[in-house]
Amino acid sequence: MAATLESSLEDPLRSFVRRSVLELGSGTGAVGLMAATLGADVVVTDLEELQDLLKMNINMNKHLVTGSVQAKGGRNRRLSFSTRLYTDGRLHIL
């Protein structure tokens, strides 16, 4: 996804506005947060032990987000592709 972000910065026609993004294994969430600042609706995911870090980083950067971003995942939460996570029901970038 980082390469997609880089190419969108070089080519303004490759907009992230209203794109649905699912980032698997987000770590700190930096890449997903960047996509959200460019207008994407992002779901960042990672293990349970990283959920607090993801949520803290989202909260600290929410003033920059022009799309949306939310953290999901953990041991007891299973993401399902049949669950509608996105406003239009489609996944644009994984």
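Anything mentioned here points back to the structure above.
Attention here is on the structure that accompanies the text.

Parameters and conventions
One numbering rule holds for all chains: residues counted from 1, following each sequence as written. With pLDDT at 70 or above as the cut-off, local features in this predicted model cover only qualifying residues; side-chain atom pairs require 80 or more to be listed or tallied, and sums for whole chains, interfaces and linings still use all residues. Values reported for side chains reflect all heavy atoms of the structure, with hydrogen atoms and water molecules removed beforehand. Helix numbers and strand numbers start at the N terminus; a helix is a DSSP run of H or I with at least 4 residues, a strand a run of E with at least 2. Contacts were defined at the residue level, with two residues in contact if any of their heavy atoms lie within 4.5 Å. For the area figures, the Shrake-Rupley method with a 1.4 Å probe applies, and any residue is considered shielded solely by the protein chains shown. Here, the term nonpolar core denotes a set of buried Ala, Val, Leu, Ile, Met, Phe, Trp, Tyr and Cys residues that are joined through side-chain atoms within 4.5 Å. Throughout, exposure labels follow a simple rule: accessible area from a 1.4 Å probe, protein chains only, divided by the maximum for the residue type, with under 20% read as buried, over 50% as exposed, and the rest as partly exposed. When DSSP finds two or more bridges between a pair of strands, those strands are recorded as paired. Here, the term right-handed applies to a crossover whose path from the first strand over the helix to the second runs clockwise when the strands point away from the viewer.

Before going further, it helps to spend a moment on the overall build of the protein chain. When you go through the protein chain residue by residue, the secondary structure sums to three helices and three strands. Along the protein chain, helices and strands appear, N-terminal first, in the series α-β-α-β-α-β. Sequence-distant contacts, at least 24 apart, represent 58% of the contacts inside the protein chain between residues at least 6 apart. Here the protein chain has roughly 6,000 Å² of accessible surface; of this, 53% comes from carbon and sulfur atoms.

On to the nonpolar core. Counting residues in each nonpolar core, the largest one holds 13 residues, and the members touching the most others are Ala40, Val42, Val44, Ile58 and Val69. Of all elements in the fold, only α2 (30-37), β2 (41-46), α3 (51-61) and β3 (68-73) reach the threshold of two or more residues within this core. At three residues, α2 tops the list of elements feeding residues into this core.

Let us now look at the pairing of β2. Most of β2 sits inside the fold, with six of its six residues counted as buried. Alternating positions in β2 separate into two faces, Asp41, Val43 and Thr45 on one and Val42, Val44 and Asp46 on the other, with burial throughout. Judged from the four bridges that link them, strand β1 (residues 20-23) and β2 form a sheet pairing that is parallel. What sits directly across from Ser20, in β2, is Asp41. For the handedness criterion, the β-α-β arrangement of β1, α2 and β2 is classed as right-handed. Note that β2 and β3 share six bridges and pair parallel. Bridge assignment links Val42 to a residue of β3, and that residue is Val69. For the segment spanning β2, α3 and β3, crossover handedness is right-handed.

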